Amino acid sequence: MEGELFSSFEEAWAAFLSREEPLEDFVGSLPVEESFLSVWHAPPGEAAAAEAAVVQDGLSGLRRLRMTPRHWLHVSLAVGRVADPAVVRERLLGFGSFEAEYGPATCFHDALVLEVRSDRFAEVVRAVDPERDLTFFLPHLSVAYVDGSPGPEPARERLLHLRDRPRVVDRVSEVHLCVVPIARDRILTPWRTVATVPL
């Protein structure tokens with residue numbers, strides 16, 4: 001199961017329910033040396049961020065998890081280049097903002113996340129990276145990252161209760177190109193926004 005990619009949220013949840021091996025170490029997989037990654041993000045609105053905070057509260061006390069701070073909440077779209085903004089701005093001209101559903105909570109191999117649903121996310125990804133394979137693209141909002149190798153049962157017990165929460169609807173109105181520090185000792189620290197493209 002290690003490193004396995006999922007093509008649906010249903011597949012990911014089923015794999016988590018049957019998982020016996022420890023969760024994968026997101027923080028430990030990061031480089032030790034100073035490193036940065038340019039990434040296109042869709043920032044959440046206030047309703048989605050509030051739902052993330054409620055889920056994080058429900059996960060409080062679990063060992064080997066790093067909760068995602070408010071400034072780091074995002075839906076990752078594609079790896080970008082600093083030269084991209086003008087091209088992306090042209091492709092998204094007149095695209096229009098759209099509504100997306102956030103929730104319920106689920107778990108990937110190395111992060112606990114909110115499922116995010118809207119077909120228009122795939123259209124945005126095609127604008128920022130036309131060559132990206134969308135087979136395994138599952139828009140999500142990470143609420144906690146695994147730091148170490150905890151067993152899955154404690155997180156599973158919490159998520160089984162949190163899965164009953166209703167989905168939250170929020171509006172996606174812009175995308176950002178960000179330069180993100182990804183060294184192990186700087187992960188979750190603020191990134192630098194290079195460009196903002198309104199939808």
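Keep in mind the model is a prediction, meaning the values are calculated, not measured. (Residues numbered from 1 in each chain as written. Predicted model: local features only at pLDDT ≥ 70, side-chain atom pairs only at ≥ 80, totals over all residues. Heavy atoms only, no water.)

Novice: Describe the nonpolar core, and please don't skip the residues or the numbers.
Specialist: Among the nonpolar cores identified, the biggest contains 46 residues, and Leu77, Tyr102, Leu112, Phe121, Leu159 and Val175 are the most heavily contacted of them. Filtering out sequence-adjacent residues up to four positions away, phenylalanine 121 remains in contact with Ala42, Val75, Leu77, Phe98, Ala100, Tyr102, Val116, Phe137, Pro139 and Val172. Grouped together as the second largest cluster of nonpolar side chains are 19 residues, Phe26, Val27, Trp72 and Ile182 included. (Core = buried A, V, L, I, M, F, W, Y, C linked by side-chain atoms within 4.5 Å. Buried < 20%, exposed > 50% of the residue type's maximum accessible area, 1.4 Å probe, protein only. Contact = heavy atoms within 4.5 Å.)

Novice: I'd like to hear about helix H2 (residues 46–59), residue by residue, with values.
Specialist: End to end, H2 covers 20 Å across 14 residues, agreeing with the expected 20 Å (1.5 Å per residue, within 8%). Within H2, the full set of buried residues consists of Ala48, Ala49, Glu51, Ala52, Val55, Gln56 and Leu59. Buried positions in H2, seen along its axis, are confined to an arc of 160° and lie on one side of it. Pointing more than 90 degrees away from the buried face of H2 are the exposed residues Glu46 and Asp57. Taken from the residues just after H2, glycine 61 is the one with a positive phi, measuring 95°. (Helix = DSSP H or I, 4+ residues; strand = E, 2+ residues; numbered from the N terminus. Expected span 1.5 Å × (residues − 1). Arc of directions from axis to C-beta.)

Novice: Run through the side chain of threonine 68, naming residues and quoting values.
Specialist: By the secondary structure assignment, threonine 68 is in the loop between strand S2 (65–67) and strand S3 (75–79). In this structure the side chain of threonine 68 is engaged in a polar contact, spanning 3.5 Å, whose partner is the backbone nitrogen of alanine 144. Here threonine 68 is in contact with Gln56, Leu73, Ser142, Val143, Ala144 and Tyr145, once residues within four sequence places are set aside. (Polar contact = N/O pair within 3.5 Å; in protein donor to acceptor, adjacent residues only side chain to side chain.)

Novice: If you had to explain unusual backbone geometry to someone new, which residues and values would you point to?
Specialist: Residue glycine 103 is joined to proline 104 through a cis peptide bond whose omega torsion reads 0°. Considering the arrangement of structural elements, one finds proline 104 in strand S4 (residues 98–107). One non-glycine residue, arginine 64, lies in the positive phi region at around 65°. With respect to the element layout, arginine 64 can be found in the loop between H2 and S2. Backbone geometry at leucine 188 places phi at a positive 75°, although glycine is not the residue there.

Novice: I'd like a rundown of the side chain of glutamate 115, residues and numbers included.
Specialist: By the element assignment, glutamate 115 lies in strand S5 (residues 111–117). Of note is the side chain of glutamate 115, whose polar atom sits 3.0 Å from the side chain of arginine 163.

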